[in-house]
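# Remarks on the overall topology
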Amino acid sequence: MLVGDARAELFRLPDASVDIVLTSPPYFRLRDYQIEGQFGLEPDVGTWVGMLRKVMAEVARVLVPTGTLWLNLGDSYSLHDKQGAPPKSLLLAPERLAAALVADGWTLRNKVIWSKTNPMPSPVRDRLSTTHEFVYVFARQKRYFFDLDAIRQPHVSVVRPPRSTAQPGVDSVPASWRGPNSDGGSGLAKLQAAGVVGHPLGKNPGDVWRLPTVGFKGQHFATFSPKLVERAILAGCPEARCVRCRLPWRRLAIRQAGQPARRGKLLPTCGCGAGVGSELGLVLDPFLGSGTTGVVAERLKRDWLGVELHPAYAEIAEERIAAARGQPRGGMAAAA
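Below or above, wherever it landed, is the structure these notes cover. Bear in mind the structure is a predicted one, so any value in this text is a computation, not a measurement.

## So, the pairing of strand S4 (residues 107-116)
The side chains of a regular strand alternate between both faces of the sheet. Pairing between S4 and strand S5 (residues 132-139): eight bridges, direction antiparallel. Across the sheet, Ile-113 pairs through a bridge with Phe-134, a residue of S5. With four bridges connecting them, S4 and strand S6 (residues 208-211) associate as parallel partners. Note that in S6 the partner of Ser-115 across the bridge is Arg-210.

Structure representation (structure tokens):
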């Protein structure tokens with residue numbers, strides 16, 4: 001764990017060394033963490049975006065070419081025109097930052113909606129309560145590591161007898177109605193024609209995640225959802241990577257007649273040779289807070305690195321992550 005300013009500490013890290021950056025930076029003017037140099041209390045949303053763009057430029061440098069950035073963001077409401085929108089208007093802070101990062105060369109692959117199953121009650125009377133946040137998934141190149149099989153969910157559809165043709169207007173959108181940017185339906189049509197529900201390992205969980213918030217007894221009041229962190233790490237951080245070139249190792253799906261599909265052993269994806277060996281994938285959280293990213297990474301057997309500005313929160317994170325390792329407090333620092 002590194003204690004200090006996120007951008008300054010990232011500047012010290014080597015190029016192309018991190019597999020996934022998973023973080024939730026301070027939202028615009030929603031928390032005062034009572035420490036000099038904190039993010040989030042900028043005078044206007046444009047300045048907030050500009051500060052985080054600088055941090056994400058360092059993130060782009062430290063990510064391996066196959067790496068991804070998972071950015072959890074929430075919005076806030078303007079109190080004054082000078083903040084970037086009329087009073088009482090949503091500032092669209094997450095959207096502004098996402099658009100800026102795309103302009104900086106990032107590819108935005110998903111905008112996940114974290115739908116909170118237990119949102120905080122709100123006394124507001126002239127609008128709806130805010131019960132969601134966003135998780136933006138960015139990549140730096142077209143080919144990147146994404147282990148969808150690790151987060152697939154059980155199918156709920158009923159297996160139907162195979163049929164030779166689909167019923168237009170019922171089973172699929174007619175091809176003539178599809179626009180040039182539309183997803184094709186040929187893959188699903190083939191599965192339906194064969195009487196197969198979907199992928200043998202389960203369905204794609206989609207981009208709306210219904211997950212609870214988790215309370216935390218401590219000084220930190222903005223904690224990550226462990227379930228959200230788990231899903232992101234499983235999908236975005238390889239279990240192992242090549243020691244030499246840092247390309248991820250992968251598991252292939254094994255399908256045998258009459259048996260459920262399963263995942264095979266980890267295999268290298270590079271040409272460095274079997275004798276080179278592997279190491280654990282590395283997760284980085286430059287706004288570590290109370291340490292949830294590290295706690296979940298420990299449980300999932302990934303290496304991790306965190307940066308936290310506030311010494312008190314860094315101490316909380318150290319205690320939690322040490323407990324996840326089964327070590328007494330103080331033993332974590334030497335091992336990190």
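Let us keep going from here.
## Observations concerning the side chain of His-310
With respect to the secondary-structure elements, His-310 resides in the loop between strand S12 (303-308) and helix H7 (311-325). If we ignore the near neighbours within four places in the chain, the residues touching His-310 are Tyr-33, Gln-34 and Ile-35.

## Overview of the sheet that holds strand S2 (residues 18-23)
Taken in spatial order, the eight strands line up as S1-S12-S11-S2-S3-S5-S4-S6 in an open sheet, and their pairing is mixed. Since the sheet does not close on itself, it has two edges, and those belong to strand S1 (2-3) and S6, each with one partner. With six bridges connecting them, strand S3 (residues 63-73) and S5 associate as antiparallel partners. Across the sheet, Leu-69 pairs through a bridge with Phe-138, a residue of S5. Helix-sheet contacts for helix H5 (residues 226-236) involve S2, S3, S4, S5, S6 and strand S11 (282-285), and the interaxial angle to S2 is about 160°. Helix H6 (residues 292-299) contacts S2, S11 and S12 of the sheet and is inclined by roughly 170° relative to S12.

## Some details on H6
The element H6 is extensively covered by neighbouring structure, given that seven of its eight residues are classed as buried. Residues of H6 that are buried make contact with S2, H5, S11, S12 and H7. Looking at the residues trailing H6, positive phi occurs at Lys-301, about 60°.

## So, unusual backbone geometry
A positive phi is found at Arg-29, a non-glycine position, where the angle reads about 55°. Mapping Arg-29 onto the fold places it in the loop between S2 and helix H2 (45-62). The exposure class assigned to Arg-29 is partly exposed, which follows from its relative accessible area of 39%.

## Looking at the pattern of salt bridges
Under the definition given, this model contains 13 salt bridges. In this structure, Arg-53 engages Asp-104 in a salt bridge whose closest nitrogen and oxygen atoms are separated by 2.5 Å. A residue pair is termed long-range when its members are at least 10 positions apart, and Arg-53 in helix H2 and Asp-104 in the loop between helix H3 (93-103) and S4 qualify at 51 residues. Assessed through its relative accessible area of 30%, Arg-53 is described here as partly exposed. Of the residues examined, Asp-104 reaches a relative accessible area of 34% and is grouped as partly exposed. Close ionic contact of Arg-152 with Asp-149 constitutes a salt bridge, the shortest N to O distance being 2.7 Å. A single burial state applies to Arg-152 and to Asp-149, both of which are buried. Each member of the salt-bridge network shares a partner with another, and the members are Asp-15, Glu-58 and Arg-61.

## Remarks on the packing of H2 against H3
Look at H2 against H3: their axes get within 10 Å of each other, and the N-to-C directions meet at 45°. Relative to H3, H2 is oriented oblique. The element H2 and its partner H3 pack so that their crossing is right-handed. Only Ala-93, Arg-96, Leu-97, Ala-100, Leu-101 and Ala-103 of H3 make contact with H2, whose side of the interface consists of Val-45, Trp-48, Val-49, Leu-52, Arg-53 and Met-56. Class assignment for the residues of the contact of H2 with H3 results in 10 nonpolar, no polar and two charged.

Scoring rules and cut-offs
Residues numbered from 1 in each chain as written. Predicted model: local features only at pLDDT ≥ 70, side-chain atom pairs only at ≥ 80, totals over all residues. Heavy atoms only, no water. Pairing = 2+ DSSP bridges. Helix = DSSP H or I, 4+ residues; strand = E, 2+ residues; numbered from the N terminus. Contact = heavy atoms within 4.5 Å. Axes fitted to C-alpha atoms, helices over the stretch in contact; angles between N-to-C directions. Buried < 20%, exposed > 50% of the residue type's maximum accessible area, 1.4 Å probe, protein only. Salt bridge = Lys/Arg side-chain N within 4 Å of Asp/Glu carboxyl O. Parallel < 35°, antiparallel > 145°, perpendicular 65-115°, else oblique. Left-handed = near helix turned anticlockwise from the far one by under 90°. Nonpolar A, V, L, I, M, F, W, Y, C, P; charged D, E, K, R; others polar.

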